[in-house]
Amino acid sequence: MARTPLHFMKAAAVVIAAGLLAPVSGARAQDTQSQMSGLALSADEPIQIESDLLKINDEESQATFTGNVKVLQGDTVLQAGEMIVKYNKGGGSVSSGTADISEIELYKNVLIQSGTQTATAEAGNFNMANEVLVLTGENVVLSDADNVFIGCKLTVQMKNGQAKLDSCGRRVRIQLDPKSRPKQ
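Residues numbered from 1 in each chain as written. Predicted model: local features only at pLDDT ≥ 70, side-chain atom pairs only at ≥ 80, totals over all residues. Heavy atoms only, no water.

## Some points on the state of the cysteines
Stage number 1. Per the stated rule, a full pass over the model turns up one disulfide.
Stage number 2. Paired by a disulfide, Cys-152 and Cys-168 hold their sulfur atoms 1.7 Å apart. The sign of the 95° torsion about the S-S bond sets the Cys-152-Cys-168 disulfide as right-handed. Residue Cys-152 is located in strand E9 (residues 147–157), and its partner Cys-168 is located in the loop between strand E10 (162–166) and strand E11 (173–175); the two are separated by 16 residues in the primary sequence.
Stage number 3. Its relative accessible area of 49% is what places Cys-168 among the partly exposed residues. (Disulfide = S-S within 2.5 Å. Helix = DSSP H or I, 4+ residues; strand = E, 2+ residues; numbered from the N terminus. Buried < 20%, exposed > 50% of the residue type's maximum accessible area, 1.4 Å probe, protein only.)

As structure tokens, this is what we get:
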């Protein structure tokens, strides 16, 4: 099965759900872990990618989008200064949308937004084979309305929805707004 940027956008949507992180009993004070259900995206919705420049290097099996990179699908937006899409040799082409993507790297002010949920980081990496998404930076910020989570590394295991926010030697910071709790 060929993997397309749609798979990446589904992963990005799950990262947005990290705004719902809550401490797990027994977790260290420096880490926050949670089970994340993610956000559903339609496989029928088109993906639009914009950038100032696109370089496709078939010899290295990668496509590099640079300058004001913006990826849209439905109400989900991904922005970065640079996005490198690495694909497997002989696995289709990026230009036709049939590339067998192995990894996506994001650099320079990464932002993922869907509805009221936002994630920001300095860099990101999505390993398609392992289905692991990692956002890193001095301050990786996850928010859902007025609830805010800050660490330096967010790791999301896409297969099971497990997410972990690391502090990298400092402390994870969380601000919860009691008014954001669902009414019972």
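## Topic: the environment of Lys-70
Stage number 1. Relative to the assigned elements, Lys-70 resides in strand E4 (residues 62–73).
Stage number 2. Given the relative accessible area of 30%, Lys-70 is considered partly exposed.
Stage number 3. With residues near it in sequence (within four places) discarded, Lys-70 still touches Gln-48, Ile-49, Glu-50, Val-77, Leu-78 and Gln-79. (Contact = heavy atoms within 4.5 Å.)

## Considering the environment of Ser-61
Stage number 1. Residue placement: Ser-61 occurs in the loop between strand E3 (53–57) and E4.
Stage number 2. As a C-alpha pair, Ser-61 and Asn-88 span 27 residues in sequence and 6.4 Å in three-dimensional space.
Stage number 3. With near-sequence residues (within four places) excluded, Ser-61 lies in contact with Val-85, Lys-86, Tyr-87, Asn-88 and Lys-89.

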